[in-house]
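So the chains spell out like this:
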Amino acid sequence: MIDLDLALSTVRYASQAGGAVIKAAGVGRHAVESKGPGDYVTEVDRQSETVVLRILDSAFPDLPILAEERGGEEFTTGWVVDPLDGTTNFSRGFPLVGVSVALLVDGEPAVGAVHAPFLGWTYAARAGAGAFDQRGQRLRLEDPDPARAVVSTGFPFKDPASIPRLLRALRGVLETCEDVRRPGAASLDLAFAASGVFPGFFELGLKVWDIAAGALLVEEAGGVVTDWAGNRGHLRSGDIVAGSARVHAALLRSCLASSGPD
């Protein structure tokens with residue numbers, strides 16, 4: 001049996017330790033390597049990942065790890081890590097970045113934490129026990145009228161073929177919600193959704209390390225998380241719709257409609 005209380009403390013500490021590496025390095029003026037169109041890595045990504053993985057290995061040496069830079073084998077129970085979510089932001093001097101660490105148990109997030117090093121904010125959750133901010137206050141999502149909701153999204157730059165569908169969905173969202181933001185770090189988008197900053201988020205083609213911790217935050221704050229078909233396949237597909245009940249329903253309608261013609 002996995003000690004989930006220890007796991008929760010571990011993800012919180014590991015995300016903050018990785019964030020300390022990022023904060024010490026500072027934003028901008030870092031050499032970048034391209035992994036693909038719009039997909040970058042810096043030495044700071046790797047340094048943060050090394051610190052995070054060392055902590056996870058120390059606390060739970062028998063659990064496998066899937067990390068963005070190191071990779072890893074697929075599993076149903078183990079750690080998923082994004083050591084620097086928002087590398088494009090980071091490398092350009094925009095300090096909106098996150099560190100995301102989650103434990104999957106039987107394929108579902110059991111604990112997770114998202115840390116924003118330049119904001120000093122940490123969000124953490126345990127399945128069935130709630131989601132909390134850095135002050136220890138429990139996150140409880142309000143459910144605004146979608147017409148008064150400012151929501152967030154991201155663009156599937158790694159898969160240009162998905163862009164038309166995202167744009168169709170975006171048009172529907174703009175006609176339904178008050179406005180849309182594009183912060184550029186999915187883990188933080190989900191943390192912001194859980195805390196009510198942007199009470200809804202939708203995106204295509206993400207990775208499990210981008211969304212596992214944040215999806216748990218949203219659900220434990222009382223929100224709804226699905227894929228773009230309204231099912232529970234978001235961790236597998238990377239297509240995600242998350243938010244409070246009414247905002248999620250409004251976003252999902254636009255996402256469902258996006259599968260049709262222009």
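Structure first, text after, so check above.
Residues numbered from 1 in each chain as written. Predicted model: local features only at pLDDT ≥ 70, side-chain atom pairs only at ≥ 80, totals over all residues. Heavy atoms only, no water.

### Quick word on the packing of helix α1 (residues 4–25) against helix α2 (residues 43–59)
The cut-off we apply is this: Only the stretch in contact is used when fitting a helix axis, every axis being a line fitted to C-alpha atoms; angles between N-to-C directions are given from 0 to 180 degrees. Each helix is a run of H or I in the DSSP string that is no shorter than four residues. Each strand is a run of E no shorter than two, and both are numbered from the N terminus. These descriptions rest on fixed angle ranges, namely under 35 degrees for roughly parallel, over 145 for roughly antiparallel, 65 to 115 for roughly perpendicular, and the rest for oblique. Note on convention: the crossing is left-handed when the near helix lies turned anticlockwise from the far helix by less than a right angle, right-handed when the turn is clockwise. Whether two residues are in contact is decided by their heavy atoms: any pair within 4.5 Å suffices. Side-chain classes are defined by residue name, with Ala, Val, Leu, Ile, Met, Phe, Trp, Tyr, Cys and Pro counting as nonpolar, Asp, Glu, Lys and Arg as charged, and the others, Gly among them, as polar.
One way to put it is that α1 packs onto α2 with a least axis distance of 9 Å and a crossing angle of 155 degrees. With respect to each other, α1 and α2 are oriented roughly antiparallel. Both α1 and α2 take part in a crossing whose hand is right-handed. Of α2, the residues touching α1 (which contributes L6, T10, Y13, A14, A17, G18, V21, I22 and A25) are V44, Q47, S48, V51, V52, I55, L56 and A59. Class assignment of the residues belonging to the contact of α1 with α2 gives a composition of 13 nonpolar, four polar and no charged.

### Some words on the nonpolar core
What counts is decided by this rule: Remark: nonpolar core denotes a set of buried residues (Ala, Val, Leu, Ile, Met, Phe, Trp, Tyr, Cys) joined through side-chain atoms within 4.5 Å. Remark: exposure states derive from per-residue accessible area (1.4 Å probe, protein chains only) relative to the maximum for the residue type, with buried under 20%, exposed over 50%, and partly exposed in between.
Within the largest apolar cluster, 38 residues are counted, with the highest numbers of intra-cluster contacts made by V80, V208, L217, V218 and I240. Those elements that provide at least two residues to this core are β5 (98–105), β6 (108–116), β7 (121–126), α5 (186–195), α6 (208–220) and β13 (240–243). Counting residues per element, this core draws most heavily on α6, at nine residues. Those residues in contact with V80 that sit more than four places away from it in its chain are L66, F75, S100, V101, A102, L104, V208, W209 and A212. With 28 residues, the next largest nonpolar core counts V52, F90, L103 and A113 among its residues.

### Some remarks on α6
Let me state the cut-off plainly: An expected span of 1.5 Å times one less than the residue number is assigned to each helix.
A rise of 1.5 Å per residue sets the reference length of α6, with its 13 residues, at 18 Å; its end C-alpha atoms lie 18 Å apart and thus fit the reference within 8%. Most of α6 is tucked away, with twelve of its 13 residues classed as buried. Positive phi shows up at G222, right after α6, with a value of about 100 degrees.

### Some thoughts on the sheet that holds strand β3 (residues 65–67)
Keep this limit in mind: Criterion used throughout: strands pair if DSSP finds at least two bridges between them.
The strand order β3-β4-β5-β6-β7-β8 describes an open sheet built from six strands, whose pairing is mixed. What marks the edges here is a single partner per strand, and that holds for β3 and β8 (130–132). If you compare each strand with its neighbour and ignore which way they point, the axes differ by 10 degrees on average. Both strand β4 (residues 78–85) and β5 contribute to a ladder of six bridges, which runs antiparallel. By the bridge assignment, D82 is partnered in β5 with S100.

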